[in-house]
Amino acid sequence: MSILDTSPHTRGYAPRPVATPLRVPAADVAARTPDPLVRRLLRAKKAYSTRFVAAAVEADPAAFDLITDPAQAPRPGDVVLARVVTIGQHRRLESPASRRQILFEGDEIVVSYGSRYAADQFHAVIPEDLGPCHLAAAGGLASRVVDQHAAIKDATVIEPVGLLSNANGVVNLSAFATHPVRPAASVSGAASRVPVVAVVGTSMNSGKSTTLACLARGLVAAGRTVHAGKATGTGAGNDAHHYTDAGADHVIDFTDFGLPSTFGLGFEEVRDVFATMADVLASPAGRGAPDVVLIEIADGLYQGDTRRLLMDDAFRTVVDRVVFAAGDALGASGGVGALRAVGCEPSVVSGVLTASPLATAEARAALDVRVVPTYDLCLPSVALSAVGLAPAGAPAGAPAGGAPATGRAGDGHAVA
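Under an unreviewed UniProt entry, the name given to the protein chain is DUF1611 domain-containing protein, and the source organism is Promicromonospora vindobonensis.

A separate point is the overall build of the protein chain. A count of helices and strands for the protein chain gives 11 helices and 19 strands. For the protein chain, the residues scored as buried account for 53% of the 416 residues in total. Residue pairs at least 24 apart in sequence account for 71% of intrachain contacts in the protein chain once pairs closer than 6 positions are excluded. A total accessible area of about 18,100 Å² is found for the protein chain, and carbon and sulfur atoms account for 54% of it.

Tracing the backbone through its elements, the reader meets Thr211 in helix α4 (residues 208–221). With residues near it in sequence (within four places) discarded, Thr211 still touches Val199, Val323, Ala325, Ser350, Gly351, Thr374 and Leu377.

A separate point is the pattern of salt bridges. Under the defined criterion, the tally for this structure stands at 14 salt bridges. Note that Arg144 and Asp129 form a salt bridge whose closest N and O atoms lie 3.6 Å from each other. Of the two residues, Arg144 is situated in strand β10 (residues 141–148) and Asp129 in the loop between β8 (122–125) and β9 (133–137); the sequence distance between them amounts to 15 residues. Among the salt bridges present, the one from Arg271 reaches Asp272, with a minimum N-O distance of 3.3 Å. Overlapping salt bridges, with partners in common, bring together Arg40, Arg83, Glu108 and Glu159 in one network.

Let us now look at the side chain of Gln303. Here Gln303 lies in the loop between β16 (292–296) and α7 (304–311). Excluding its chain neighbours within four sequence positions, the residues that come into contact with Gln303 are Tyr117 and Phe263.

Below, the discussion takes up α7. All of the buried residues along α7 are Asp305, Thr306, Leu309 and Leu310. With its buried residues spanning 130 degrees around the axis, α7 presents them on a single face. Among the structural elements, β13 (196–201), α6 (267–282), α8 (313–316) and α9 (329–341) are those in contact with the buried residues of α7. By the N-cap criterion, in which a side-chain oxygen at the helix start approaches the backbone nitrogen of a residue two or three places on, α7 is capped by Gln303, the distance to Asp305 being 2.8 Å.

Next up on the list: the nonpolar core. Core analysis: the biggest nonpolar cluster contains 42 residues, and Phe274, Ile295, Phe315 and Val349 have the highest contact counts within it. If you list the elements that add at least two residues to this core, you get β13, α6, β16, α7, β17 (321–325), α9 and α10 (357–366). The element that contributes the greatest number of residues to this core is α6, accounting for seven residues. Residue contacts for Val349: discarding those within four places in its chain leaves Phe324, Ala332, Val336, Leu367, Val369, Arg370, Val371 and Val372. In terms of nonpolar packing, the next biggest core, distinct from the first, is built from 28 residues, Ala216, Val226, Ala248 and Val372 among them.

Criteria and cut-off values
- Residues numbered from 1 in each chain as written.
- Predicted model: local features only at pLDDT ≥ 70, side-chain atom pairs only at ≥ 80, totals over all residues.
- Heavy atoms only, no water.
- Helix = DSSP H or I, 4+ residues; strand = E, 2+ residues; numbered from the N terminus.
- Buried < 20%, exposed > 50% of the residue type's maximum accessible area, 1.4 Å probe, protein only.
- Contact = heavy atoms within 4.5 Å.
- Areas by Shrake-Rupley, 256 points an atom, 1.4 Å probe, with all protein chains shown as cover.
- Salt bridge = Lys/Arg side-chain N within 4 Å of Asp/Glu carboxyl O.
- Arc of directions from axis to C-beta.
- Polar contact = N/O pair within 3.5 Å; in protein donor to acceptor, adjacent residues only side chain to side chain.
- Core = buried A, V, L, I, M, F, W, Y, C linked by side-chain atoms within 4.5 Å.

Put into structure tokens, the structure is as follows:
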């Protein structure tokens, strides 16, 4: 029986007006579409890194074509339709909505080209042509693996069908990004008026994202508005969703700037992404200015881009506090020394090491910096102290705890 039936059986039940038409699944549209390429694009599994392009494809698939010249050299962020040849390490592809789509051999996927630096997984670089390559990250990175961790399976092999194109040429993520990257020297300076805290670590999987999320949770519990971002790394939705779940009001990452990965870019572009992100997160436009901005820097202190960023003026003039995540006590000790060598003073040490009471005790015995268990950062007083903010209602000039990270000490940022 139709819900619009007005027979006596349904008398007294007025039909509910439908505010918006039901969305027809792309697969159903594809089945009724005569154009073979349109059908392929609609049926293909799209990756998280391509989510803004994927929305445009869903809206108007006929606006897109393919460039299939095998000699075409892809650039970072170029979008490609590829076929899964052999399933390896990555058996799932993260969708635009962050659902883990199971991959099958023969699937066609929409991913983007980029390089990857992941000490626990793959070292991969952008290929020089459209020949077979690899799915180097679940977020949707087409790349050529040149090295890998011994415990990792061989990468999933993909075969490019062709680069997506439209009336403007090859489709690149940057053309669909929500935020353009601006030169560091040209950003508005909003970040200079809001406390900015950088979370860095010893390595991949040292607990940086969880540390940032716990900080956000504690600050929100203290009544503060938090904006958060991830400035470098390989595109995936889990970290950004973690920040959102912790209570951050506004969350972005480098994929919002049209980058599937920041590895392999020129350092100037990495610096510009960081500076632009800090400015966007600190800006009052749209959501109002936050009380604090938290930004994660991927990988470890010895990764080239991370080390250069810590020494760059764009970092030093923006960041007020550095929170350091370490995997073990020795890494914490070495990391604090490495930070101090480049002029950064960590306010607290946290991360994976604090899951072990013994490792925490070792770190506390070796360091003159506070070692804080990660989930203790969810406590308002601990989070406020870690980022240098005084409790609400504290008199002006009251000590907030922690040490300023950079040369911005004395400009008022360490006080609420």
